[in-house]
Each structure stands twice: as C-alpha cells, then as structure tokens.
Protein chains: 2
Amino acid sequence: MKRGAERGPYAKTADVRRKIVEACMETFAATGFQATTMAEVARRAGISHNGLLHHFPTKEDLLLAVIERRDSQIAATLAGAGAPDAEADPREILASSIRATAPEKWSVADLELDAVLSGEAAVAEHPAHAAIAERYEGIRHFYARLLGQLSDQGQLRTDGGDPDALATMFLALAEGLRQQWLFDKDGVDVAASMDLFFDLIVADEQS
Amino acid sequence: MKRGAERGPYAKTADVRRKIVEACMETFAATGFQATTMAEVARRAGISHNGLLHHFPTKEDLLLAVIERRDSQIAATLAGAGAPDAEADPREILASSIRATAPEKWSVADLELDAVLSGEAAVAEHPAHAAIAERYEGIRHFYARLLGQLSDQGQLRTDGGDPDALATMFLALAEGLRQQWLFDKDGVDVAASMDLFFDLIVADEQS
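No experiment lies behind these values; they were computed from the predicted model shown. (Residues numbered from 1 in each chain as written. Chains lettered and ligands numbered in written order. Predicted model: local features only at pLDDT ≥ 70, side-chain atom pairs only at ≥ 80, totals over all residues. Heavy atoms only, no water.)

1. Topic: the overall build of chain A
In terms of helices and strands, chain A carries 9 helices and 0 strands. The order of helices and strands in chain A, counted from the N terminus, is α-α-α-α-α-α-α-α-α. Taken over the C-alpha atoms alone, chain A extends approximately 65 × 40 × 35 Å along its principal axes. Counting over 207 residues, chain A shows a buried share of 50%. Expressed as a percentage of contacts within chain A between residues at least 6 apart in sequence, the contacts between residues at least 24 apart total 68%. (Helix = DSSP H or I, 4+ residues; strand = E, 2+ residues; numbered from the N terminus. Buried < 20%, exposed > 50% of the residue type's maximum accessible area, 1.4 Å probe, protein only. Contact = heavy atoms within 4.5 Å.)

Dropping the structure here:
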C-alpha cells in the first residue's frame, strides 16, 4: 500500500484509537484497570472525554482493546519463532520461542502491564478473566503441539512427562521468571533458566 | 498462656486488627490495592471510618499488614516442611515444601490476593514493591539452601544448574502454575508438575 493511501478518515480513526490504546496501556500498567478512570486515559491520550467515549464507550472496551493488542504482539512473537508444521524443525521453533520469552525483548512497561492485568484478572469476576484464560490456552496449545511433535520423534527425555503438562510448565516458568525479573533485574536470568529447562526436557541432539 | 490471659484490652485490639486485616484481604483480592477505598474496608470490617483510621492511619499501613500476614502464613508453611539443618534430610524437606505449593492447600481467595497484589506490585513505584521483592528473596533463599545441601551430597543431576538458578526456577514454576490454575482449575495440576520438576532436578534416591 502506498503511504498516501493510508490517509483519510479511516487512517485518522485508526491513529486516534492507537494513541488511546497506548495511553491506556500506560495508565493500566501504572494503576491497574480497577483504579483507572476514563478521565485519566483521556488526559494521557490528549483528547477530550467525549472524544474518548466516541471510540471506547466503556472501560471494558478499553481493556479488551489493550489485551487484544498485547495478544497480537505475543502471537507475532510466537509466529516469528516459526509455525509448527511438517516441514519445520520443532526443536528449532521451541528454542527460538524460548529466546523470545527473555524480558530484554520487551519493554519494561509492557511486562509490567502483563503482570498487573493478569494478576488482577486472576479473580474470576474480573472483566478480563476470560480473555487472559484464552491467552494462556493459546500459548499452551502452541507449546503442546511442538512438544507433541518432539515426542513423536523420540526427542523428549522419556521420564519428561506428557506434552500438555510440559506446555503448562513452559508457560508457568516463563511467566514466573519474568515476574521475579521485574523485582530483581540483575539477579534473575530468564533466558538462561528457560534454556536449562529446555535441556532438561529435550534429549540431546543426535549428531 | 492460659486462655483467660488472652482477654482484656490488648486481646481486643488484636481481635479488631485481625478483623480489619481479613476484611482488607477480601477487598484487595476483589478490587486490588489501588482501587480499594478505606471506606470500603471499614464497611466490610463492620467498624467506623474513624475506628479504622485509629488502627491503620493509611492504606499503605493496611497493605503492609496484609503482606506481613501472608508472609507469616507462607513462612509457617515452609517451616512446616522442615528447617534446613545438618540433621534433616534436604530431599524430604524439598519434597514436602513442594507439596505445600499445591493450590488445594490454600483458599482460592488467598491465592487470588497473592496474584492481584504481586501483579500490581511488579510496577517499581508500587508501595508493596519492596515487600514482595523481599518475599521472593526469602523463598529463593529457602530453596537455594536445600538445593545447595543436595548439591554437596551429590544428589543433583550434574547438568541441572546451580542452586541459586534452580531456586529461582522452583519459585517461578510454583507461582506460574498457581496463576494458570486460577484460570483453569481442572486443567492445571500444580502438584504433579512440581513433582515432575523435582524428578528432573534431583537424582534418583540411592537404594
């Protein structure tokens, strides 16, 4: 698409929505969804309160837009690691997706946002509970497919558990390590721990 | 101490403070620290706003009392697993402390509280950031001592990493698994995954 073709009312709306979602991500990360007011988001986005309500009538609409945006960033990262299919080497894709969990690949503000929102959303009544449950489900499914392929190829250490349980552990470890990293950025080496777990699970490469 | 000796003004103060802290834990779990108002805590505790301020002048005071209470519950659980000393079997203590991570050992409300507060506190400016950092530090230290003893006894699988890194992984896995469990209580088996990790790290028992 030519640069000029992005102009016009639709591009402008998209720009404003993007600006609002970014302002909202900062506000949610700083004070959480529950304590965020629409007025604060409007102030940070530099638009009027009515302007904000035109694009996002409720705070729930904002929350879902923020989660959708983070989900697409996460999906892009996993897709960047490679799609699990018959052609690709699942060991390579798994190793590459693990490298993508390193907090240095993300902004601290994004990691704080994930921590604040998924923490809040752990309460069953939270409006983002279902969306975060779905995110976890999607990530587990991604890992489970790769681990299932490795299992079929005899590349998992035999005492290493089934692919679904291991997928849950990969996600738990990645989340738990990044959580600790936010409290101790020098002391916690996320990538090294993830690599170690990979080596515990996946058999040595046949030469 | 005789039961009667607990009566009197001091016991009464302790009772009121306990009631407030419990009301506060419910409120924090439901709406987070940031969105909680002192009025809401007073209402849930069934005391006047002034009565609340007498015991806890600010919301930060409440927050630290709640964290202190959870910390002492966690410390009691780890102590229940056994103290790492020359007499005790570190393998047994580690296995027992792992069993204590199972979410079934706790109330869902307490686990939701931990998730909400440690999520919020991941932001460096949050008033509980230092207290949660200290909690993580204490738990890692507990695991690292046990794993160090096992390493000295030649009971760690040689390719299993150093005790500090493994301690970080134990905590990450326990937190990450409980987090997923809060979203999928039937699909996530925290205890089984922790046991599997134990088996990956610790060498088979010599017979």
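From this point, the discussion proceeds with the structure in view.
2. Thoughts on the packing of helix 7 (residues 129-152) of chain A against helix 8 (residues 163-181) of chain A
Residues and elements named next belong to chain A. Where helix 7 meets helix 8, the axes come as close as 8 Å, and the angle between the chain directions of the two elements is 130 degrees. In this view, helix 7 runs oblique relative to helix 8, as classed from their interaxial angle. Crossing geometry of helix 7 relative to helix 8 is assigned as right-handed. Side by side, helix 7 and helix 8 meet where Y136, I139, R140, Y143, A144, L147, G148 and S151 of the first sit next to P163, D164, L166, A167, T168, F170, L171 and E175 of the second. In terms of residue class, the contact of helix 7 with helix 8 is built from 10 nonpolar, 3 polar and 3 charged. (Axes fitted to C-alpha atoms, helices over the stretch in contact; angles between N-to-C directions. Parallel < 35°, antiparallel > 145°, perpendicular 65-115°, else oblique. Left-handed = near helix turned anticlockwise from the far one by under 90°. Nonpolar A, V, L, I, M, F, W, Y, C, P; charged D, E, K, R; others polar.)

3. Notes on the UniProt feature "domain: HTH tetR-type" (unreviewed entry) in chain A
What UniProt calls "domain: HTH tetR-type" (unreviewed entry) maps, in this numbering, to residues 14-74 of chain A. End-to-end, the C-alpha atoms of residues 14-74 of chain A are 21 Å apart, and along that stretch the chain is 87% helix and 0% strand. (UniProt positions renumbered as here; feature names shortened; annotations may be inferred.)

4. Describing helix 8 of chain A
Residues and elements named next belong to chain A. Between the first and last C-alpha of helix 8 there are 27 Å, a value that for 19 residues agrees with the 27 Å anticipated at 1.5 Å per step. A large share of helix 8 lies buried, amounting to 15 of its 19 residues. For helix 8, the capping residue at the N-terminal end is D162, with a side-chain oxygen 3.2 Å from the backbone nitrogen of D164. (Expected span 1.5 Å × (residues − 1). Polar contact = N/O pair within 3.5 Å; in protein donor to acceptor, adjacent residues only side chain to side chain.)

5. Some thoughts on the nonpolar core
Residues A:L94 and B:L94 are the most contacted members of the largest nonpolar core, which totals 133 residues. Looking at this core, the element that brings in the most residues is helix 8 (residues 163-183) of chain B, giving 12 residues. In contact with A:L94, other than residues within four places in its own chain, are A:Y143, A:L146, A:L147, A:L150, A:F170, A:F198 and A:V202. (Core = buried A, V, L, I, M, F, W, Y, C linked by side-chain atoms within 4.5 Å.)

6. Side note on the interface of chain A and chain B
With 45 residues of chain A at the interface, the matching set in chain B holds 45 residues. Overall, the association of chain A and chain B removes approximately 3600 Å² of surface from exposure, summing both partners, and the carbon and sulfur fraction of that is 67%. On the chain A side of the interface with chain B, the three residues burying the most area are A:Q180, A:F183 and A:L200, jointly 19% of the side's total. The interface formed by chain A and chain B holds 2 salt bridges in total. (Buried area = accessible area lost by both parts, 1.4 Å probe. Salt bridge = Lys/Arg side-chain N within 4 Å of Asp/Glu carboxyl O.)

7. Observations concerning the environment of B:L182
Within the element layout of this structure, B:L182 appears in helix 8. We classify B:L182 as buried; its relative accessible area is 3%. B:L182 sits 13 residues away from B:D195 along the chain, and the two C-alpha atoms are 19 Å apart. Among residues more than four places away in sequence, those in contact with B:L182 are A:A122, A:H129, B:V108, B:L111, B:E112 and B:A115.

8. A look at the domain arrangement of chain A
A common way to state how big an interface is: give the accessible area lost once the parts meet. Residue and element names in this part refer to chain A. According to the domain assignment, chain A consists of domain 1 (1-57) and domain 2 (66-201). A straight line from the C-alpha centre of domain 1 to that of domain 2 covers 29 Å. Each partner contributes to the interface: domain 1 provides 10 residues, whereas domain 2 provides 11 residues. For the pair domain 1 and domain 2, the summed buried surface comes to about 900 Å²; carbon and sulfur atoms form 73% of the total. The three residues of domain 1 that bury the most area against domain 2 are M25, A29 and F33, which together make up 54% of that side's buried surface. At the junction of domain 1 and domain 2, the tally comes to 1 salt bridge. Here R69 and E22 are joined by a salt bridge, their closest N and O atoms 3.3 Å apart. At the junction of domain 1 with domain 2, the criterion picks out 2 residue pairs in polar contact (both at pLDDT 80 or more). Here the side of domain 1 that touches domain 2 is composed, by residue class, of 6 nonpolar, 2 polar and 2 charged. (Domains from an automatic or database assignment.)

9. Overview of a negative patch on the surface
All names here are of chain A. A surface patch of like charges, here negative, comprises E104, D189, D195 and D199. Mapped onto the elements, D199 comes out in helix 9 (residues 190-201). Note on D199: relative accessible area 44%, which makes it partly exposed. (Patch = residues over 30% accessible without salt bridge, like charges linked within 9 Å, V, L, I, M, F, W, Y side chains within 5 Å. Areas by Shrake-Rupley, 256 points an atom, 1.4 Å probe, with all protein chains shown as cover. Lys, Arg positive; Asp, Glu negative; His and termini not counted. Charge placed at Lys NZ, Arg CZ, Asp CG, Glu CD.)

10. Concerning the relation of the copies chain A and chain B
Of the transformation placing chain A onto chain B, the axial shift is 0.0 Å and the rotation is 180 degrees, giving an RMSD of 0.0 Å. What the rotation and shift describe, once combined, is the action of a two-fold rotation axis. Take the interface residues of chain A: 100% of them recur as interface residues in chain B, which is what a same-surface contact looks like. (Least-squares fit on C-alpha atoms with pLDDT ≥ 70 in both.)

11. Description of the UniProt feature "DNA-binding region" (unreviewed entry) in chain A
The UniProt record marks residues 37-56 of chain A with the feature "DNA-binding region" (unreviewed entry), using the residue numbering of this structure. Spanning residues 37-56 of chain A, this segment combines 75% helix with 0% strand, and its end C-alpha atoms are found 13 Å apart.

12. Re the pattern of salt bridges
A side chain of one charge can pair with a side chain of the opposite charge if their charged atoms are brought near each other. Within the structure shown, the criterion is met by 28 salt bridges over all chains. The salt bridge partner of A:D71 is A:R135, with a shortest N-O separation of 2.6 Å. Taken together, the positions of A:D71 in helix 4 (residues 59-81) and A:R135 in helix 7 put the pair 64 residues apart, joining distant regions of the chain. According to the relative accessible area criterion, A:D71 is partly exposed, its value standing at 26%. Assessed through its relative accessible area of 11%, A:R135 is described here as buried. A salt bridge links B:R140 to B:E137; the nearest nitrogen and oxygen atoms lie 3.2 Å apart. Note that B:R140 and B:E137 are positioned in helix 7 (residues 129-152) at a spacing of 3 residues, about one turn of the helix. Taking relative accessible area as the criterion, B:E137 reaches 44% and is therefore assigned partly exposed. Through salt bridges that share partners, A:R70, A:D71, A:D110, A:D114 and A:R135 make up one connected network.

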